[in-house]
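Here is what each chain is made of, one letter per residue.
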Amino acid sequence: MKRSNLRAAALISFLSITIMLVLAVCPFASAQPNVPGATLWYLAEGSTAASPEGVFETWVCISNSGPDDATTQLTYMTVEGEVEGPVVIVESGAAATVDVSLSVPDVWSVSTEVVSDEPVVVDRQMFWDTGVAVTGQPYHQCSHTSIGVNTPSDTWYLAEGSTGGNEYGAFETWVLLQNPGGLPATVNINYQTPTGEIEGPQNVELLPNSRQTFSVGETVPSQWSVSTSVVSDEPIIAERAMYWNSPHMKRQAAHDSIGVTAPSDTWYLAEGSTGGTPGERLNSGNFETW
């Protein structure tokens with residue numbers, strides 16, 4: 001056998017033995033279970049404000065399905081800037097809920113940043129409480145929630161929005177912008193309607209580690225269908241909240257969503273219902289899906 005062939009055979013033998021030893025001794029060489037989550041989360045929406053009409057509650061919810069306990073640091077961002085939040089340890093297989101008002105009470109605009117040393121999943125819940133003493137309406141009469149986002153972007157699209165109203169009630173739509181970066185962001189907001197684009201607030205300065213709120217109705221009032229595009233010279237986070245005001249109840253219903261950062265030629269929407277339950281019982285009613 002030629003010397004070159006002997007060397008090749010010896011090298012193959014050596015590599016085979018080495019690989020077998022690594023697989024036997026090092027458990028990390030085998031497949032690991034998938035642990036969902038991320039170590040950095042942003043939640044653009046949030047409010048703890050109190051007014052004669054009612055009070056907002058905001059809760060940050062953290063889930064840890066990983067094998068190790070997670071130490072999480074919460075930081076809040078307001079119009080004035082950054083406010084340090086609590087450090088929360090979330091045990092393996094457990095969840096934790098944080099009341100934002102304990103750190104930032106009575107503030108209309110509050111965003112959140114969550115940094116963790118282990119992958120976690122983070123979302124945010126908000127409730128609107130109309131004071132029973134003022135109106136007689138119930139506690140937690142409406143609410144909305146959204147998952148956070150992991151990465152800021154310089155472009156955001158928010159397809160849903162309405163400022164329309166009629167004898168049955170009226171919609172509010174709010175665009176919520178969070179700048180978690182260390183530089184000021186200059187932001188342009190534009191609205192898309194069935195008849196074309198309408199220029200919104202332009203050259204808005206969003207300070208580092210801050211949050212601002214924009215009422216769509218101030219620029220596009222009485223418009224049933226309004227989408228929003230947000231373009232920034234620095235990466236930011238964008239979210240949209242909507243409320244339905246009936247003639248007899250302030251903020252009777254609400255919903256919310258994060259934006260998307262790019263258009264696509266295909267979309268799937270898992271949820272939807274047009275079902276109804278006739279009758280006068282408490283559970284009667286009908287679903288609308290748009």
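Residues numbered from 1 in each chain as written. Predicted model: local features only at pLDDT ≥ 70, side-chain atom pairs only at ≥ 80, totals over all residues. Heavy atoms only, no water.

On to the overall build of the protein chain, then. Each helix and strand in the protein chain was counted, giving two helices and 19 strands. Counting all 290 residues of the protein chain, 39% fall into the buried class. Once local pairs closer than 6 in sequence are excluded, the contacts in the protein chain between residues at least 24 apart make up 73%. Working note: accessible area of the protein chain is about 16,400 Å², and carbon and sulfur atoms make up 57% of it. (Helix = DSSP H or I, 4+ residues; strand = E, 2+ residues; numbered from the N terminus. Buried < 20%, exposed > 50% of the residue type's maximum accessible area, 1.4 Å probe, protein only. Contact = heavy atoms within 4.5 Å. Areas by Shrake-Rupley, 256 points an atom, 1.4 Å probe, with all protein chains shown as cover.)

Taken as a whole, this structure holds five salt bridges when the rule is applied. In this structure, the salt-bridge partner of Glu172 is Lys250, at a minimum N-O distance of 3.5 Å. Note that Glu172 is positioned in strand S11 (residues 169–179) and Lys250 in strand S17 (residues 249–258), a separation of 78 residues in sequence. Look at Lys250 and you get partly exposed, because its relative accessible area is 28%. Of the charged contacts in the structure, one is a salt bridge between Arg251 and Glu172, with a shortest N-O distance of 3.1 Å. Residue Arg251 is found in strand S17, and its partner Glu172 is found in strand S11; the two are separated by 79 residues along the sequence. Judged on exposure class, the residue Arg251 and its partner Glu172 are both buried. (Salt bridge = Lys/Arg side-chain N within 4 Å of Asp/Glu carboxyl O.)

It is worth spelling out unusual backbone geometry at this point. One non-glycine residue, Ser222, adopts positive backbone phi at about 55°. Among the structural elements, Ser222 can be located in the loop between strand S15 (210–215) and strand S16 (227–246). For Arg251, which is not a glycine, the phi torsion comes out positive at approximately 50°. Assessed through its relative accessible area of 8%, Arg251 is described here as buried.

As a further point, take a nonpolar patch on the surface. Taken together, the side chains of Tyr157, Val260 and Trp267 present a nonpolar region at the surface, about 290 Å² in accessible area. Along the chain, Trp267 falls in the loop between S17 and strand S18 (276–277). By relative accessible area, Trp267 is classed as exposed at 52%. (Patch = residues over 30% accessible without salt bridge, like charges linked within 9 Å, V, L, I, M, F, W, Y side chains within 5 Å.)

Under the criterion given, the structure shown has five aromatic pairs. Chaining the aromatic ring pairs together yields one cluster made of Phe56, Trp108, Trp128 and Tyr243. The ring of Trp128 has Arg251 lying over it, and the distance from NZ or CZ to the ring centre is 4.6 Å. In this structure, Arg251 is placed above the aromatic ring of Tyr243, and the distance from its NZ or CZ to the ring centre is 5.0 Å. (Phe/Tyr/Trp six-rings, centres within 6.5 Å; stacked < 30°, edge-to-face > 60°. Lys NZ or Arg CZ within 6 Å of the ring centre and 35° of its normal.)

Bringing the confidence of the model for the protein chain into the picture now. Per-residue confidence for the protein chain averages 88 on the pLDDT scale, and 83% of its residues sit at or above 70. In the predicted structure, residues 6–32 sits below a pLDDT of 50 and forms four contacts with residues beyond four places in sequence or in another chain. (pLDDT = per-residue confidence, 0-100.)

Structurally, the position occupied by Gly276 is in strand S18. In sequence terms Gly276 and Glu288 are twelve residues apart; their C-alpha atoms lie 9.2 Å from each other. Gly276 has contacts with Gly285 and Asn286, leaving out every residue within four places of it along the chain.

Here we come to the nonpolar core. Of all hydrophobic cores here, the largest spans 21 residues; its most connected members are Trp156, Val175, Leu177, Val187, Ile189, Val230 and Ile236. Counting only elements with at least two residues in this core, the list comes to strand S9 (153–158), S11, strand S12 (185–193), strand S14 (204–206) and S16. When residues no more than four places from it in sequence are discounted, the contact partners of Leu177 are Val187, Ile189, Leu206, Ser210, Arg211, Gln212, Phe214, Val230, Ile236, Ile237 and Ala238. By size, the runner-up hydrophobic cluster in this structure holds 18 residues, among which are Ala38, Leu74, Val104 and Val120. (Core = buried A, V, L, I, M, F, W, Y, C linked by side-chain atoms within 4.5 Å.)

What follows is about the side chain of Asp129. Within the secondary structure, Asp129 is located in strand S7 (residues 111–129). For Asp129, the side chain forms a polar contact with the main-chain nitrogen of His140, separated by 3.0 Å. With residues up to four places along the chain from it excluded, the contact list for Asp129 reads Gly54, Val55, Glu57, Tyr139 and His140. (Polar contact = N/O pair within 3.5 Å; in protein donor to acceptor, adjacent residues only side chain to side chain.)

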